[in-house]
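Structure at a glance
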Amino acid sequence: MAAYERLVRPWQEGWGATDQERSLPLPGDDLVEDPADQVTRAITIDADPEQVWPWLVQLGADRGGFYSYDWLENLFGLHVHTADVVVEEWQDLAVGDLVAAVRSRAGGWFVAEIRPAEALVLQVADVAAGRPVRRDDPAGWEFTWTFVLRPLPDGRTRLLVRERVAFGRSAMRLAMAPVGLVSFMMTRRMLIGVRERAERLRSEAEVAPPARRLVRADP
């Protein structure tokens, strides 16, 4: 446990991110005050923010999936199928929309803030109440999931993913402790999945413009 706390946990909670990025204020930070934990992970993508953004905006179990391990998500009955194309119908997203964690849309995250090609901020949803979960709710926790695109001078992009969580009850904090490693594994794969798709889109655009071809979802 001591080795995990001193070596493994700091590495996985800051995977790919610089010390500056981990401490950098990001959109959505104000939505969870005095968090019990803040995790920031990052990756460099050889594509500009406009080529990365379409993949982020179509996140969702009933949309483009999460670019992670579908087989693992589906062990829990989430019925996620990750997309390998940008789909036209999935490009419209607005504040208040639900990004579904399951195809039934029984759970997920509400969009709290959206800045095209810059930032997407999500809050865990109380779908029945039509609002984000709060730490003083019976569930006893609140959570934000933030995606930020930062352009680099050479045309590449830094994709940052931040999680901030707070607990209203110590029992909930203990219950959620094992989630950290799962979050790391899934988020790392997501970052790599987004990079693979965005870089492929850029490569295809350089060979055969136009820069992006939208496809339509199956009826």
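Summary of the structure given here. Starting from 1, residues in each chain are numbered consecutively following that chain's sequence as written. Per-residue local features of the predicted model are confined to residues with pLDDT of at least 70, and side-chain atom pairs are confined, for both listing and counting, to 80 or more; whole-chain, interface and lining totals are unaffected and use all residues. Only hydrogens and water are set aside when side-chain values are computed; all heavy atoms of the structure are taken into account.

**Things to note about the overall build of the protein chain**
A run of H or I in DSSP becomes a helix once it reaches four residues, and a run of E becomes a strand once it reaches two; helices and strands are each numbered from the N terminus. A count of helical and extended segments in the protein chain gives 6 helices and 7 strands. For the protein chain, the sequential pattern of α-helices and β-strands runs α-α-β-α-α-β-β-β-β-β-β-α-α. Residues are treated as being in contact if the distance between any of their heavy atoms lies within 4.5 Å. Summarising the internal contacts of the protein chain: among those between residues at least 6 apart in sequence, 64% fall at separations of at least 24. In the structure as shown, the protein chain presents an accessible area of about 11400 Å², 55% of it carried by carbon and sulfur atoms. Computed by Shrake-Rupley with a 1.4 Å probe, the accessible areas treat only the displayed protein chains as cover when residues are assessed.

**Some thoughts on the pairing of strand β6 (residues 141–151)**
A simple rule labels every residue: compare its accessible area, found with a 1.4 Å probe on the protein chains alone, to the largest value its type can have, and call it buried under 20%, exposed over 50%, or partly exposed in between. Of all 11 residues that make up β6, 9 are buried, and the element is covered over most of its length. Strand pairing follows a simple DSSP-based rule, namely that at least 2 bridges must link the two strands. The pairing of β6 with strand β7 (residues 157–167) spans 11 bridges and is antiparallel. Directly across from Pro 151, in β7, lies its bridge partner Thr 157. Where β6 folds back on β7, the antiparallel hairpin that results is connected by 5 residues, among which Gly 155 adopts a positive phi of roughly 90 degrees.

**So, the environment of Ala 61**
Relative to the helices and strands, Ala 61 is located in the loop between α3 (49–57) and α4 (70–75). The class for Ala 61 is buried, based on a relative accessible area of 0%.

**Description of the packing of aromatic side chains**
Two rings belonging to Phe, Tyr or Trp (six-membered ring only in the last case) form a pair when the distance between their centres is within 6.5 Å. Interplanar angles under 30 degrees mark stacking, angles over 60 mark edge-to-face geometry, and anything in between is tilted. Counted under the stated rule, the structure contains 6 aromatic pairs. Ring plane angle 70 degrees and centroid distance 5.9 Å describe the contact between Phe 66 and Trp 109, whose orientation is recorded as edge-to-face. Residue Phe 66 is located in the loop between α3 and α4, and its partner Trp 109 is located in strand β3 (residues 108–115); the two are separated by 43 residues in the primary sequence. The class of Phe 66 is buried, set by a relative accessible area of 6%. Ring centres of Trp 141 and Phe 143 lie 5.9 Å apart, and the angle between their planes is 45 degrees; on these two criteria the pair is classed as tilted. Since its relative accessible area comes to 18%, Trp 141 is described here as buried. Judged by its relative accessible area of 15%, Phe 143 falls in the buried class.

**Things to note about α3**
Burial of α3 is extensive: 8 of the 9 residues sit out of reach of the surface. For α3, the set of buried residues is Pro 49, Gln 51, Val 52, Trp 53, Pro 54, Trp 55, Leu 56 and Val 57. If you check the start of α3, you find a side-chain oxygen 3.1 Å away from the backbone N of Glu 50, and it comes from Asp 48. Contacts described as polar in this section are N or O atom pairs within 3.5 Å, which, within protein, must combine one atom able to donate a hydrogen with one able to accept it, while residues neighboring in sequence count only if both atoms come from side chains.

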